[in-house]
Amino acid sequence: MATLTSNNQQGTASRRGKHLKPGESSVGEDRRAQIVAFAERYIREHGYAPSHKTIRDALFISKGNLFFHMRKLREDGRIIGPGDGAHAWTLPKFAAACKAVE
């Protein structure tokens, strides 16, 4: 019995990053880069990581999406810390300076 795959399913897989060419990035990776860039600017200005609410308000992102991206960033090692609190994480290059990861 033959299995049929619709064009829509193939398009969805491509958008999710499963069929990206070298040098291309997924929408999710672009969003994670925005989160890291915002956090870097915020930490430089304030000396500690922004709260999740601050990130959500600045980047117009939902709570669920932010938690998803924060988990991915933590898994990739792009943020560090336990994540159990508003400022309980930081970027690796700011770990020594931030109060959250002392």
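Scope of this entry: the structure provided in the associated data block.

1. Re the packing of aromatic side chains
Then, number 1: Counted under the stated rule, the structure contains 2 aromatic pairs.
Then, number 2: Both rings, one in Tyr42 and one in Tyr48, keep their centres 5.9 Å apart while their planes meet at 75°; by these two values the pair is edge-to-face.
Then, number 3: Among the aromatic side chains, those forming a connected cluster through ring pairs are Phe38, Tyr42 and Tyr48.

2. A short note on the nonpolar core
Then, number 1: Ranked by internal contacts, the top residues of the largest apolar core, which has 17 residues, are Ile35, Ile55, Met70, Trp89 and Leu91.
Then, number 2: At the level of secondary structure, the elements contributing two or more residues to this core comprise α2 (27-46), α3 (52-59) and α4 (63-75).
Then, number 3: Per-element tally for this core: the top contributor is α2, with 6 residues.

3. Description of α2
Then, number 1: Compared with an ideal rise of 1.5 Å per residue, which puts 20 residues at 28 Å, α2 spans 28 Å between its outermost C-alpha atoms and is within 8% of the ideal.
Then, number 2: Buried residues of α2: Gly28, Arg32, Ile35, Val36, Phe38, Ala39, Tyr42 and Ile43, and no others. End-on view of α2: buried residues confined to an arc of 170°, all on one side of the axis. Along α2, exposed side chains directed more than 90 degrees from the buried face belong to Val27, Arg41, Arg44 and Glu45.
Then, number 3: Buried residues in α2 make contact with α3 and α4.
Then, number 4: Positive phi shows up at Gly47, right after α2, with a value of about 90°.

4. Section: the packing of α2 against α4
Then, number 1: Relative orientation of the contacting elements α2 and α4 amounts to 85°, with a least axis distance of 10 Å. As the angle between them shows, α2 and α4 are arranged roughly perpendicular. Contacts from Gly28, Arg31, Arg32, Ile35 and Val36 of α2 reach α4 at Leu66, Phe68, His69, Met70, Lys72 and Leu73.
Then, number 2: Taken together, the residues of the contact of α2 with α4 break down into 6 nonpolar, 2 polar and 3 charged.

5. A closer look at unusual backbone geometry
Then, number 1: Although it is not a glycine, Phe60 sits at a positive phi angle of roughly 55°.
Then, number 2: Mapped onto the elements of the fold, Phe60 is located in the loop between α3 and α4.

6. Observations regarding the pattern of salt bridges
Then, number 1: Scanning all chains against the criterion turns up 5 salt bridges.
Then, number 2: Glu40 is paired through a salt bridge with Arg44; the nearest N and O atoms lie 2.9 Å apart. In this pair, Glu40 and Arg44 both sit in helix α2, 4 residues apart, roughly one turn of the helix.
Then, number 3: The class for Glu40 is partly exposed, based on a relative accessible area of 21%.
Then, number 4: A relative accessible area of 56% means that Arg44 is categorised as exposed.
Then, number 5: Of the charged contacts, one joins Asp57 and Lys53 as a salt bridge, the two residues approaching to 2.8 Å between their closest N and O atoms.

Cut-offs used in this document
- Residues numbered from 1 in each chain as written.
- Predicted model: local features only at pLDDT ≥ 70, side-chain atom pairs only at ≥ 80, totals over all residues.
- Heavy atoms only, no water.
- Phe/Tyr/Trp six-rings, centres within 6.5 Å; stacked < 30°, edge-to-face > 60°.
- Core = buried A, V, L, I, M, F, W, Y, C linked by side-chain atoms within 4.5 Å.
- Buried < 20%, exposed > 50% of the residue type's maximum accessible area, 1.4 Å probe, protein only.
- Helix = DSSP H or I, 4+ residues; strand = E, 2+ residues; numbered from the N terminus.
- Expected span 1.5 Å × (residues − 1).
- Arc of directions from axis to C-beta.
- Contact = heavy atoms within 4.5 Å.
- Axes fitted to C-alpha atoms, helices over the stretch in contact; angles between N-to-C directions.
- Parallel < 35°, antiparallel > 145°, perpendicular 65-115°, else oblique.
- Nonpolar A, V, L, I, M, F, W, Y, C, P; charged D, E, K, R; others polar.
- Salt bridge = Lys/Arg side-chain N within 4 Å of Asp/Glu carboxyl O.

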